[in-house]
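Close look at the chain arrangement
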Amino acid sequence: MSTHARSMVAGLGAGMLVAACGGSATLEIPTPTPTATSTAPAAATTASAGAWTVTDKSKATIRVREQLVGVSLPSDAVLTATGAKGTFELRSDGTFTSGSKITFELSTLSSDERDRDNFIKNDTLQVRQFPTAEFVPTKTSGLTLPLASSGSFAFTLTGNMTIKGKTKEVTFDVSAKRDGSDLTATATASPSWRFGDFGMTAPSVPFRVLSVTDEIRAAIDIVATGPKG
């Protein structure tokens, strides 16, 4: 006979004995104590398809509207930076793994005017103290995942851009193309940036530039190699 059954019999017997002696009895039947079970929740995982490595064919282009001395109409000053390096890894939920980062060497900035380049690098950007621009991607939206092994894609990219020691969250409209382990993409800042976003003032080159519009139109051309898919 089980322990639970013996307890029930003992309880009934005690109740009958009390009743026979002319008393009243309140019968209590012991309730078995349930055995505690622990179910640990499964750890959530977001798989990654692998890391992409940025190649030196990548570049960053900055466009600023300026009014030159002796010229009746404004025009765009176009500066390009190379020396890109870094890696990034996209998770299946559209976010990036920690450590994903792309940097550009600001000392490589150049345009069609050496005086402009020197002024912007030495005065505006202070490249000796802040030699690189750094972009840390955080998430994508509008991108179908997992990424197909080939084809063209359009999506929005969000991340943190650091220039001259100042960090700002920025977004890019991205047009990308993948062919197996080769990836090319053009990311255009939307909205555009202001000089004050990164602790700078719009430059003015003496005897050369009268004024500069406080708007930075930035685009990053990424060339990367990675998993075949």
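Scope of this entry: the structure provided in the associated data block. All of these numbers come straight from a predicted model, not from anything done at the bench.

On to the packing of aromatic side chains, then. For any pair of aromatic rings, the description consists of the separation of the ring centres together with the inter-plane angle of the planes. If you walk through the whole model with that rule in mind, you get 4 aromatic pairs. Centre to centre, the rings of Phe88 and Phe96 are 6.4 Å apart; their planes meet at 70°, and the pair counts as edge-to-face. Of the two residues examined, Phe88 and Phe96, each falls in the buried class. Judged by centre distance (5.5 Å) and plane angle (70°), the rings of Trp193 and Phe198 are edge-to-face. You can call Trp193 buried: its relative accessible area is 4%. By relative accessible area, which is 0% here, Phe198 ends up buried.

The peptide bond linking Leu145 to Pro146 adopts the cis configuration, its omega dihedral lying at 0°. Counting through the fold element by element, Pro146 comes out in the loop between strand S6 (132-141) and strand S7 (150-163). The amide bond that connects Ser190 to the next residue, Pro191, takes the cis arrangement and shows omega of 5°. Note that Pro191 resides in the loop between strand S9 (182-189) and strand S10 (209-212). Unusually for a residue other than glycine, Gln126 sits at a positive phi of about 50°. Given the relative accessible area of 29%, Gln126 is considered partly exposed.

Moving on: the pairing of S9. Because side chains alternate across S9, one face comprises the buried residues Leu183, Ala185, Ala187 and Ala189, and the other comprises Asp182, Thr184, Thr186 and Thr188, none of which is buried. Bridge analysis of strand S8 (residues 166-179) against S9 gives 8 bridges, and the strand direction is antiparallel. Residue pairing in the sheet places Ser175 in a bridge with Thr186 of S9. Here S8 folds back onto S9, and the loop between the two strands holds 2 residues, one of which, Gly180, carries a positive phi near 65°. As defined by bridge partners, S9 adjoins strand S11 (residues 217-225) across 7 bridges and the pair is classed as antiparallel. Within S11, the residue paired with Thr184 across the bridge is Val223.

Parameters and conventions
Residues numbered from 1 in each chain as written. Predicted model: local features only at pLDDT ≥ 70, side-chain atom pairs only at ≥ 80, totals over all residues. Heavy atoms only, no water. Phe/Tyr/Trp six-rings, centres within 6.5 Å; stacked < 30°, edge-to-face > 60°. Buried < 20%, exposed > 50% of the residue type's maximum accessible area, 1.4 Å probe, protein only. Helix = DSSP H or I, 4+ residues; strand = E, 2+ residues; numbered from the N terminus. Pairing = 2+ DSSP bridges.

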